[in-house]
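Below, each chain spelled out in residue letters.
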Amino acid sequence: MASNSTILVGLLLLSLSSFHVLSVASFEFQVGGINGWVVPPENDTKIYNTWASKNRFQVGDTIRFRYKKDSVLEITEAEYKQCNSTRPHFFSNTGNTVLDLDRTGPFYFISGASGHCDRGQRMIVTVMSHDDSSGSKAASLISYGGAAVAPLALAYICF
């Protein structure tokens, strides 16, 4: 029969390895929460950039855009500033678009629907490397309930 100290050491090692899994797990972020990717209200045109600034995006994460009769484009910074959608790096109008955040640095997104970008349907997502990020994603999940979906690794650890 295992001694109490052996069991305690085993539980400690399991706990530490769980934290490691959590620190490198990727997350899927739902842009716009339950509302999705829509034209923001006139009095809240910075809603998407405010949301993005409150989250910690890392290489390997994904972001999901859900929308109806619209589109999402990834463009350059200059095009973002002008709400110009003539030469996107990426375009989708499927209504359910998932993009991999595969590098560090800024990603610039706008709606491709006429006039939507000018009305605030645009967003800058800044992606950090795992080494650059500070704070815990688990804490941000609790703070911003619904802003991100927990990874399968988290579900596996909890059950």
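Structure shown above.
As the structure is a prediction and not an experimental result, all values here were calculated from the model.

Notes on unusual backbone geometry
Next up, step 1: Of note in the backbone geometry, Lys-69 takes a positive phi value of approximately 50° without being a glycine.
Next up, step 2: Take Lys-69: it is sitting in the loop between strand S3 (62-66) and strand S4 (72-75).
Next up, step 3: Residue class for Lys-69 comes out exposed when judged on its relative accessible area of 86%.
Next up, step 4: Its identity is not glycine, yet Cys-83 carries a phi of approximately 50°, on the positive side.
Next up, step 5: Along the chain, Cys-83 falls in the loop between helix H3 (77-82) and strand S5 (90-92).
Next up, step 6: Looking at Cys-83, the relative accessible area reads 17%, which means it is buried.

Here's the deal with the packing of aromatic side chains
Next up, step 1: The final tally for this structure, using the stated rule, is 9 aromatic pairs.
Next up, step 2: Relative to Tyr-48, the ring of Trp-37 lies with its centre 4.9 Å away and its plane at 55°, an arrangement referred to as tilted. Taken together, the residues span a long stretch of sequence, with Trp-37 in the loop between strand S1 (28-30) and helix H2 (47-53) and Tyr-48 in helix H2 at a distance of 11 residues.
Next up, step 3: A relative accessible area of 1% means that Trp-37 is categorised as buried.
Next up, step 4: Here the aromatic rings of Trp-37 and Phe-65 are separated by 5.0 Å at their centres, their planes lie at 85°, and the arrangement is edge-to-face.

Re the sheet that holds S4
Next up, step 1: Strand order in the open sheet formed by 5 strands is S2-S8-S7-S4-S5, with mixed pairing between adjacent strands. Of all the strands in the sheet, just strand S2 (57-58) and S5 have a single pairing partner and so form its edges.
Next up, step 2: Of the pairings in the sheet, the one linking strand S7 (residues 105-110) to strand S8 (residues 122-128) comprises 6 bridges and is antiparallel in character. Counted as the bridge partner of Tyr-108 is Ile-124 from S8.

Conventions we followed
Per-chain numbering applies: the sequence of each chain, read as written, is numbered from 1 onward. Where totals are concerned, whole chains, interfaces and linings use all residues; where local detail is concerned, this predicted model gives features only for residues with pLDDT of at least 70, and gives and counts side-chain atom pairs only at 80 or more. Only hydrogens and water are set aside when side-chain values are computed; all heavy atoms of the structure are taken into account. In DSSP terms, a helix is any run of H or I states spanning at least four residues, a strand is any run of E spanning at least two, and both are numbered starting from the N terminus. For each residue, the accessible area found with a 1.4 Å probe, counting protein chains only, is set against the maximum for its type, and the residue is called buried under 20%, exposed over 50%, and partly exposed in between. Here a Phe, Tyr or Trp ring, Trp counted by its six-membered ring, pairs with any other such ring whose centre lies within 6.5 Å, and the pair is stacked when the planes are under 30 degrees apart, edge-to-face when over 60, and tilted otherwise. Two strands pair under a simple rule: DSSP has to find at least two bridges between them.

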